[in-house]
Amino acid sequence: LACDIFHRHVLLGPVDESRAGGSLTGISVRVLGNGQEVSRSNEPEALTGELVAIIQHVAEVVAESGECLRARDVIITGSLVAPLAVTVGDRIRAEFDPLGILEVSFV
């Protein structure tokens with residue numbers, strides 16, 4: 001990961017207004033690959049770093065180009081679990097408690 005990851009796609013769930021300001025309190029994630037648990041985390045910032053610090057850094061970088069962050073902008077800060085290797089036919093399910101579930105199939 002030292003050389004970054006290329007994101008072809010990002011899955012986004014519905015906006016949870018109760019988390020305005022970046023609150024990650026009580027969030028955990030469980031990932032299943034083809035029905036088997038492959039990863040779990042109860043520490044959302046363990047792999048990404050402190051969310052508020054990341055947003056501040058992005059705001060500063062964007063400001064250097066004369067722009068600013070706006071409400072509802074999406075910042076991809078990293079993953080709550082280590083990246084997974086997937087192949088054609090795999091089905092990945094991410095359960096974000098208490099936020100919801102995202103599921104994707106690779107065809």
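These notes cover the structure that comes with them. (Residues numbered from 1 in each chain as written. Predicted model: local features only at pLDDT ≥ 70, side-chain atom pairs only at ≥ 80, totals over all residues. Heavy atoms only, no water.)

This part is about the environment of A59. Looking at the secondary structure, you find A59 in helix 1 (residues 51-63). A C-alpha to C-alpha distance of 6.0 Å links A59 and L69, two positions 10 residues apart in sequence. (Helix = DSSP H or I, 4+ residues; strand = E, 2+ residues; numbered from the N terminus.)

Generally speaking, soluble globular proteins have nonpolar side chains that are buried together. Formed by V29, V31, V81, I92 and A94, the largest nonpolar core amounts to 5 residues. Those elements that provide at least two residues to this core are strand 1 (28-33) and strand 3 (91-97). Beyond its immediate sequence surroundings of up to four residues, V81 is in contact with V29, V31, S39, R40, S41 and L47. (Core = buried A, V, L, I, M, F, W, Y, C linked by side-chain atoms within 4.5 Å. Buried < 20%, exposed > 50% of the residue type's maximum accessible area, 1.4 Å probe, protein only. Contact = heavy atoms within 4.5 Å.)

A separate point is the pattern of salt bridges. Any two side chains of opposite charge can pair, so long as their charged atoms come close to each other. Tallied over the entire structure, the rule returns 9 salt bridges. Across the salt bridge formed by E37 and R30, the nearest N and O atoms sit 2.8 Å from each other. Residue classification places R30 among the partly exposed positions, given a relative accessible area of 28%. When the shortest N-O distance is used, the salt bridge between E67 and R70 registers 3.7 Å. A single network of salt bridges, built from pairs that share partners, joins R30, E37, R40, R91, R93, E95 and E103. (Salt bridge = Lys/Arg side-chain N within 4 Å of Asp/Glu carboxyl O.)

Within the secondary structure, E103 sits in strand 4 (residues 100-105). Residues E103 and A71 lie 32 residues apart in sequence; the distance between their C-alpha atoms is 26 Å. The residues touching E103, leaving out its near neighbours within four places in the chain, are R91, I92 and R93. Side chain to side chain, E103 and R91 meet in a polar contact 2.6 Å long. A distance of 3.2 Å separates polar atoms of two side chains, one belonging to E103 and the other to R93. (Polar contact = N/O pair within 3.5 Å; in protein donor to acceptor, adjacent residues only side chain to side chain.)

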